[in-house]
Amino acid sequence: MTATPAWPPQSAPRLHVETPLEEGVAVPVDGNPAHYLISVMRVKPDDIVLLFDGRSGEWAAKVRDIRKRDLVLEVLSRTKAPEDVPDFWLCCAPIKKGRIDLIAEKACELGVARLQPVLTRRAVVDKLNLDRLHAHLVEAAEQCGRTALPELTGMVKLDALLKDWPDERWLFFADETGGASLAETLKDHPGPAAFLIGPEGGFDPVEREAIRAVAKAVPVSLGPRILRAETAAIAATTAWMAINGDWR
Ligand code: SAH
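Residues numbered from 1 in each chain as written. Predicted model: local features only at pLDDT ≥ 70, side-chain atom pairs only at ≥ 80, totals over all residues. Heavy atoms only, no water.

Visitor: Could you give an account of the packing of helix 2 (residues 99-110) against helix 3 (residues 130-144), with specific residues and numbers?
Guide: Viewed as axis vectors pointing N to C, helix 2 and helix 3 meet at an angle of 35°, and their least axial separation amounts to 8 Å. The interaxial crossing formed by helix 2 with helix 3 has right-handed handedness. Two secondary-structure elements touch here, helix 2 through Ile-100, Asp-101, Ala-104, Glu-105, Cys-108 and Glu-109 and helix 3 through Arg-132, Leu-133, His-136, Leu-137, Ala-140, Ala-141, Gln-143 and Cys-144. Looking at the contact of helix 2 with helix 3 residue by residue, the class counts come to eight nonpolar, two polar and four charged. (Axes fitted to C-alpha atoms, helices over the stretch in contact; angles between N-to-C directions. Helix = DSSP H or I, 4+ residues; strand = E, 2+ residues; numbered from the N terminus. Left-handed = near helix turned anticlockwise from the far one by under 90°. Contact = heavy atoms within 4.5 Å. Nonpolar A, V, L, I, M, F, W, Y, C, P; charged D, E, K, R; others polar.)

Put into structure tokens, the structure is as follows:
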């Protein structure tokens, strides 16, 4: 008896596309994604590629019409329902290129619903290339099996973020000057949440006061050592996901 091949094939490349997906749709692919499929993955006609559009789950598609720099994929059937990630936002100050890219990549892999850049007084970077961050989110989502990207919002000033803080969402504040012990605090505060992480230079005292004044703010410690901002962002997200997220 011959074994039934796995469906969808485990080696199938995964690609995020903007085209809304449904059965029978032809998806034209060019540019970098086409280069990836044609020259790196060396797809052949009838090979299977997995697609997601961020809204409708994941779909298997068949390779058609390969040309030098572009190809067409024909959507066959849905392979995954739209994802349901935990209601967790990562709010972090912009930090240097490379390090913020790492935050974006890991936030996506860890299952963050929204990545919210927040401008603070001691930030050494005050502009963010959102297109570059978006590209890192796409790459991470393709690799880790997500069917949607984390929502990437434009940068807001800390004051504005705090002023409109939603009533129903905890604001865990990673305070390097000290706060409650993380694991117990997270256990005691289930439900929609966000973590706020400062820049390389930390928060200034006025900012710290303003954050603590928010009704839903919960200052927490990430331990006795000062972590780099990107380490703090990844560690805080990991802890929240393990305790209150979907790692059960
Ligand atoms: N320059 C600052 C450190 C900033 S670390 C100083 O020397 O004090 C960057 C951010 O990571 C901080 O603003 C905080 O949000 C988070 N962070 C780092 N280590 C932390 C810890 N031990 N506890 C809580 N938050 C921490």
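Visitor: Quick rundown of the domain arrangement of the chain? Include the residues and the values.
Guide: Partitioning the chain into structural domains gives domain 1 (14-80) and domain 2 (88-243). Taking only C-alpha atoms into account, the centre of domain 1 sits 33 Å from that of domain 2. Tallying the contact residues gives 10 residues for domain 1 and nine residues for domain 2. Between domain 1 and domain 2, the buried area comes to about 690 Å², and carbon and sulfur atoms account for 57% of it. (Domains from an automatic or database assignment. Buried area = accessible area lost by both parts, 1.4 Å probe.)

Visitor: Describe in detail the packing of aromatic side chains, supporting the description with residues and values.
Guide: Evaluated as defined, the whole model comprises four aromatic pairs. A centroid spacing of 5.8 Å and a plane angle of 75° characterise the contact between Trp-89 and Trp-165, whose relative ring orientation is edge-to-face. In this pair, Trp-89 is assigned in strand 6 (residues 88-92) and Trp-165 in the loop between helix 4 (158-163) and strand 10 (170-174), connecting sequence segments 76 residues apart. Accessibility expressed as a relative area gives 14% for Trp-89, which makes it buried. Judged by its relative accessible area of 9%, Trp-165 falls in the buried class. Relative to Phe-203, the ring of Phe-173 has its centre 5.3 Å away and its plane inclined at 75°; by these criteria the two rings are edge-to-face. Within this pair, whereas Phe-173 is found in strand 10, its partner Phe-203 is found in the loop between strand 12 (193-197) and helix 6 (205-212), the two being separated by 30 residues in sequence. Overall, Phe-173 belongs to the buried group, its relative accessible area being 0%. Between Arg-114 and the ring centre of Trp-89, over which it is positioned, the NZ or CZ distance is 4.0 Å. Positioned over the ring face of Trp-170 is Lys-216, at 3.7 Å from the centre of the ring. (Phe/Tyr/Trp six-rings, centres within 6.5 Å; stacked < 30°, edge-to-face > 60°. Buried < 20%, exposed > 50% of the residue type's maximum accessible area, 1.4 Å probe, protein only. Lys NZ or Arg CZ within 6 Å of the ring centre and 35° of its normal.)

Visitor: Any details on the site of the ligand? Residues and values, ideally.
Guide: In the vicinity of the ligand there are 19 residues, among which Ala-174, Leu-222, Gly-223, Arg-225 and Leu-227 approach most closely. The side chain of Glu-176 places a nitrogen or oxygen atom 3.0 Å from an oxygen atom of the ligand. Within the contact set of the ligand, a nitrogen atom lies 2.8 Å away from a backbone nitrogen or oxygen of Leu-222. Protein chains shield 84% of the accessible area of the ligand, which is 560 Å² for the free molecule. Going through the elements one at a time, strand 13 (217-221) and helix 7 (229-244) are the ones with two or more residues in the shell around the ligand. (Near = heavy atom within 4 Å. Polar contact = N/O pair within 3.5 Å; in protein donor to acceptor, adjacent residues only side chain to side chain. Areas by Shrake-Rupley, 256 points an atom, 1.4 Å probe, with all protein chains shown as cover.)

Visitor: Could you give an account of the nonpolar core, with specific residues and numbers?
Guide: Grouped burial of nonpolar side chains is what soluble globular proteins tend to show. Among the nonpolar cores identified, the biggest contains 35 residues, and Phe-88, Leu-90, Phe-172, Phe-195 and Ile-197 are the most heavily contacted of them. Secondary-structure elements contributing two or more residues to this core are strand 6, helix 2, helix 3, strand 10, helix 5 (182-188), strand 12, strand 13 and helix 7. Beyond its immediate sequence surroundings of up to four residues, Phe-172 is in contact with Thr-185, Leu-186, His-189, Ala-193, Ala-194, Phe-195, Leu-196, Val-218, Val-220 and Trp-240. Grouped together as the second largest cluster of nonpolar side chains are 17 residues, Val-17, Leu-37, Ile-38 and Val-43 included. (Core = buried A, V, L, I, M, F, W, Y, C linked by side-chain atoms within 4.5 Å.)

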